[in-house]
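Working through the structure, step by step
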Amino acid sequence: MRIIFRRVLAMIPTLLGVVVCIFVITRVLPGDPARTLAGENAADSVVAKLREQMGLDQPIWAQFWDYLTGLLRGDLGYAWHTGRPVAEDFATRFPATVELGLAALLIGILVGVPLGILGATQRGRFADHATRVISLLGASMPLFWLGLIVISVFYGSLGWAPAPVGRIDDALNPPTRVTGLYVIDSIITGDTVALQSSLAHLIWPAMVLSVGAVAIISRMTRSSMLEVLGQDYIRTAAAKGMGPARIIGGHALKNAAPSIVTIIGLELGQLLGGAVITETIFSWPGIGGYVVESINATDYAPVQAMTLLAAVIYLIVNLLVDLSQGIFDPKVRNV
């Protein structure tokens, strides 16, 4: 508990630095939110009135103080382009981003870990070369290009994928809200029709988003497994006649797990915070599309809130990853 308390305290200056940096960056960006909201042909008096209502006529330090005290009260600000508080918009859209990010991470684990193990156990052979080529392609492939190709081929040409719009067919009602995650809510409420439709809409953007995660997880798994497989106790276990499955699953993978868990945790933060491109291409109603709309409208508050949320997610995930190391390594657990 003392370690957790120290780590949580260490997050405070990091978050304060993020708050300051994002506030300054949004204020120096070109564009006038009041002019954007009022329209290019609006009279100067109307724009000045809007600036006063938005607090933009105040000195920069006064604006920062208002923003900081608002955060301490749990107020993320007001989204002028939607006419609602940012927290309310986030509550509506964040479950969609979480569902997409978790699905992409699950695909990354289910594909990346076996690929890494295969590459390590077949080092120098055809399977190893094939896994490394797959990892290289996944790491270097632009997401926007891959997303457009997937939509063009599987929706436009083959008709296998549903229209890349939304999380469920327009003709269907969303499942009864429990968690906000359509797949989970469909299972909980037993709505098989909504489950089928939500899975069909989720799988394609999730596969596109998972490409980078598959590449990184497989490479880290291969590297960690190669290091472990070269240890003396692995050779001793093989000399004693232990089977390959038991050596890999019971010894090598367990000892390589800390490095694999670390990269999976970092990828979760990356996927949740970096789904902007995928959400935009597939018209996925998550936080990423919301932030793009906010940037186009020169709306400060949603952009600041999203950046702060991404920082909090990274810090919490890093904390959980560090704490999980004790599960695999007794030396860490006893520190």
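Here's a quick rundown of the structure. (Residues numbered from 1 in each chain as written. Predicted model: local features only at pLDDT ≥ 70, side-chain atom pairs only at ≥ 80, totals over all residues. Heavy atoms only, no water.)

Examining the pattern of salt bridges
Where charged atoms from two side chains of opposite charge approach closely, those side chains can pair. Test applied: Just to be clear on terms, a salt bridge is a Lys or Arg side-chain nitrogen sitting within 4 Å of an Asp or Glu carboxyl oxygen. Strands here are runs of E lasting at least two residues and helices are runs of H or I lasting at least four, both read from the DSSP assignment and numbered beginning at the N terminus. With a 1.4 Å probe rolled over the protein chains alone, any residue whose accessible area is under 20% of its type maximum counts as buried; one over 50% counts as exposed, and the rest are partly exposed.
The full count for this structure, using the stated rule, is 6 salt bridges. With a shortest N-O distance of 3.9 Å, D128 and R132 are connected by a salt bridge. Of this pair, D128 and R132 both sit in helix α6 (residues 126-140), 4 residues apart, roughly one helical turn. For R132, a relative accessible area of 41% puts it in the partly exposed group. In this structure, D232 engages R235 in a salt bridge whose closest nitrogen and oxygen atoms are separated by 2.4 Å. Note that D232 and R235 are positioned in helix α10 (residues 232-239) at a spacing of 3 residues, about one turn of the helix. You can call R235 partly exposed: its relative accessible area is 47%. One salt-bridge network, in which partners are shared between bridges, spans D128, R132 and R222.

What about helix α13 (residues 287-296)?
Looking only at α13, the buried set comprises I287, G288, G289, Y290, V291 and S294. Among the residues trailing α13, T298 stands out with phi positive, at a value near 50°.

Overview of the nonpolar core
Cut-off, in case you're wondering: For this analysis, a nonpolar core means a set of buried residues of the types Ala, Val, Leu, Ile, Met, Phe, Trp, Tyr and Cys, connected via side-chain atoms within 4.5 Å. Any two residues whose heavy atoms approach within 4.5 Å at even a single point are treated as in contact.
Counting 33 residues, the largest nonpolar core has L100, L202, L209, I217, M225, I264 and L271 as the members making the most contacts within it. Put simply, the parts of the chain that give this core at least two residues each are α5 (86-121), α9 (192-229), α10, α11 (244-273) and α14 (300-328). Ignoring any residue separated from it by four or fewer positions in sequence, one finds L202 in contact with E99, L100, A103, V183 and W284.

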